Amino acid sequence: MTQARNLALFDLDNTLLIGDSDFEWPRFLIKRGIVDQAYYDHRNNHFYEQYKAGTLNIGEYLEFALEPLTRYDNTELAALHAAYMDEHIRPIIPQAARDLLNLHRQQGDEILIITATNRFITGPIAAELGVDDEHLIAIDLERSADGRYTGKHTGVPSFQGGKITRLEMWLAERGQTLASYGRSFFYSDSHNDLPLLSIVSNPVAVDPDDTLRQHAKEQGWPIISLRG
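Residues numbered from 1 in each chain as written. Predicted model: local features only at pLDDT ≥ 70, side-chain atom pairs only at ≥ 80, totals over all residues. Heavy atoms only, no water.

Looking at an unreviewed UniProt entry, one finds the chain named HAD superfamily hydrolase (TIGR01490 family) and attributed to Aquitalea magnusonii.

A.B. asks: Mind showing me how you'd approach the overall build of the chain here?
C.D. replies: From N to C terminus, the chain includes nine helices and seven strands. Its C-alpha atoms give the chain a radius of gyration of 17 Å, within 12% of the compact-globule value 17 Å for 228 residues. C-alpha atoms of the chain, sized along the principal axes, occupy 55 × 40 × 30 Å. Here the chain, with 228 residues, has 50% of them falling under the buried criterion. Long-range pairs, those at least 24 residues apart, make up 60% of the contacts in the chain between residues at least 6 apart in sequence. A total of about 10,600 Å² of accessible surface is found on the chain, and carbon and sulfur atoms cover 49% of it. One way to put it: in the chain the 21 positive side-chain charges average out to a point 2 Å from where the 33 negative ones average out. (Helix = DSSP H or I, 4+ residues; strand = E, 2+ residues; numbered from the N terminus. Rg over C-alpha atoms; globule rule 2.2 N^0.38 Å. Buried < 20%, exposed > 50% of the residue type's maximum accessible area, 1.4 Å probe, protein only. Contact = heavy atoms within 4.5 Å. Areas by Shrake-Rupley, 256 points an atom, 1.4 Å probe, with all protein chains shown as cover. Lys, Arg positive; Asp, Glu negative; His and termini not counted. Charge placed at Lys NZ, Arg CZ, Asp CG, Glu CD.)

A.B. asks: Whenever I open this one, the pattern of salt bridges confuses me. Can you help?
C.D. replies: Any two side chains of opposite charge can pair, given that their charged atoms come close. What the rule picks out here adds up to 17 salt bridges. Of the charged contacts in the structure, one is a salt bridge between Asp-86 and Arg-90, with a shortest N-O distance of 2.5 Å. Taking the relative accessible area as the measure of exposure, Asp-86 reaches 51% and is therefore exposed. For Arg-90, a relative accessible area of 35% puts it in the partly exposed group. What emerges from the salt-bridge pattern is a single network uniting Asp-86, Arg-90, Arg-98 and Glu-128. (Salt bridge = Lys/Arg side-chain N within 4 Å of Asp/Glu carboxyl O.)

A.B. asks: Explanation requested: the nonpolar core in the structure shown.
C.D. replies: Looking at soluble globular proteins, one finds that nonpolar side chains tend to be buried together. The biggest cluster of nonpolar side chains holds 53 residues, and the ones touching the most others in it are Phe-10, Leu-16, Trp-25, Ile-113 and Ile-125. Beyond its immediate chain neighbours, meaning those up to four positions away, Phe-10 contacts Leu-16, Leu-100, Leu-101, His-104, Ile-111, Leu-112, Ile-113, Ile-114, Phe-186 and Tyr-187. Judged by nonpolar contacts, the second largest core, of 19 residues, contains Leu-7, Leu-112, Trp-170 and Tyr-181. (Core = buried A, V, L, I, M, F, W, Y, C linked by side-chain atoms within 4.5 Å.)

A.B. asks: What should I look at first to understand the environment of Asp-140 in this one?
C.D. replies: Along the chain, the position of Asp-140 falls in strand β3 (residues 136-143). Linking Asp-140 and Arg-119, residues 21 residues apart in sequence, is a C-alpha distance of 5.7 Å. One polar contact links Asp-140 to Arg-119, side chain to side chain, over a distance of 2.7 Å. (Polar contact = N/O pair within 3.5 Å; in protein donor to acceptor, adjacent residues only side chain to side chain.)

A.B. asks: When you look at helix α3 (residues 58-66) in this model, what are you seeing that I'm missing?
C.D. replies: Count 3.6 residues to each turn of an α-helix, and residues three or four apart come out pointing the same way. Looking only at α3, the buried set comprises Ile-58, Tyr-61, Leu-62, Phe-64, Ala-65 and Leu-66. Those residues of α3 hidden inside the fold are in contact with α1 (21-31), α2 (37-53), β2 (110-118), β3 and β4 (149-154).

A.B. asks: Even after reading the chapter, I still don't get the environment of Asp-132, so can you show me in this structure?
C.D. replies: Tracing the backbone through its elements, the reader meets Asp-132 in the loop between α6 (119-128) and β3. On the basis of relative accessible area, Asp-132 is assigned to the partly exposed category, the value being 42%. Considered as a pair, Asp-132 and Glu-218 are 86 residues apart in the sequence and their alpha carbons are 35 Å apart. Within the local environment of Asp-132, its side chain forms a polar contact with the side chain of His-135, the two groups lying 2.9 Å apart.

A.B. asks: Can you walk me through unusual backbone geometry in this structure?
C.D. replies: Negative phi values dominate among residues other than glycine, just as trans dominates among peptide bonds. One non-glycine residue with positive phi stands out, namely Asn-14, at about 60°. Topologically, Asn-14 is positioned in the loop between β1 (7-10) and α1. For Asp-207, which is not a glycine, the phi torsion comes out positive at approximately 40°. Among the structural elements, Asp-207 can be located in the loop between β6 (202-206) and α9 (210-219).

A.B. asks: Sorry if this is basic, but what is going on with the packing of α1 against α6 here?
C.D. replies: Helix packing for two helices is described by the angle between their axes and how far apart those axes are. It is the contact of α1 with α6, at a shortest axis distance of 10 Å, that shows an interaxial angle of 105°. The orientation of α1 with respect to α6, classified from their angle, is roughly perpendicular. For the pair formed by α1 and α6, the contact residues are Ser-21, Asp-22 and Trp-25 on the first element and Phe-120, Ile-121, Thr-122 and Ile-125 on the second. Among the residues forming the contact of α1 with α6, the class breakdown is four nonpolar, two polar and one charged. (Axes fitted to C-alpha atoms, helices over the stretch in contact; angles between N-to-C directions. Parallel < 35°, antiparallel > 145°, perpendicular 65-115°, else oblique. Nonpolar A, V, L, I, M, F, W, Y, C, P; charged D, E, K, R; others polar.)

A.B. asks: Hey, could you run me through the sheet that holds β2 in this one?
C.D. replies: What the seven strands build is an open sheet, ordered β4-β3-β2-β1-β5-β6-β7; its pairing is mixed. Each having just a single partner strand, β4 and β7 (223-224) make up the two edges of the open sheet. Bridging between β3 and β4 involves three bridges; their strand directions are antiparallel. The partner of Asp-140 across the bridge, within β4, is Thr-154. (Pairing = 2+ DSSP bridges.)

Laid out in structure tokens, this is it:
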């Protein structure tokens, strides 16, 4: 009998990246003079503290974070994102993260990035890491009839327990469940991902926050670092 393929799930921010892409994007916009620094620092820090505490109001945050996308057409946004990748993202992709992804590829595992950051930001980052759009679960964004972003999201946000919902939807589209795989891995840094970490066969804490570190120790989960 052929052994079932494994599934390797990866969080993105502060897991495969040494930093948060959703935090770096406004830093980039501020540097370009596109948004006001004082306002963005205040609001972004407010939401980041909520995130760390596990109390983030995802709808309120998305309304704030997505507004700048409504100001530009797709060509302008693509040019901005290319500069953002060069200046803010490639420098925070550790070689150890690329090596871990390649290890799972070499083992024949199916790789999926699952993130609470929106698809506009994360799509090109996943591609940089060799993960195609079909293997990225992110917060999906609404577009108008002419293709511009409206500033609203669509569907279930892939945040906290929403990651399980979105993963189950992704699997169902393929006629699968987690049980279809031999082993299921999930690599994450955040206690916000405890719902999904708790249902895979091989949870791994990566440079974890204090809450996740303590939980991982109590459960005997591996704790690793990708930061060299």
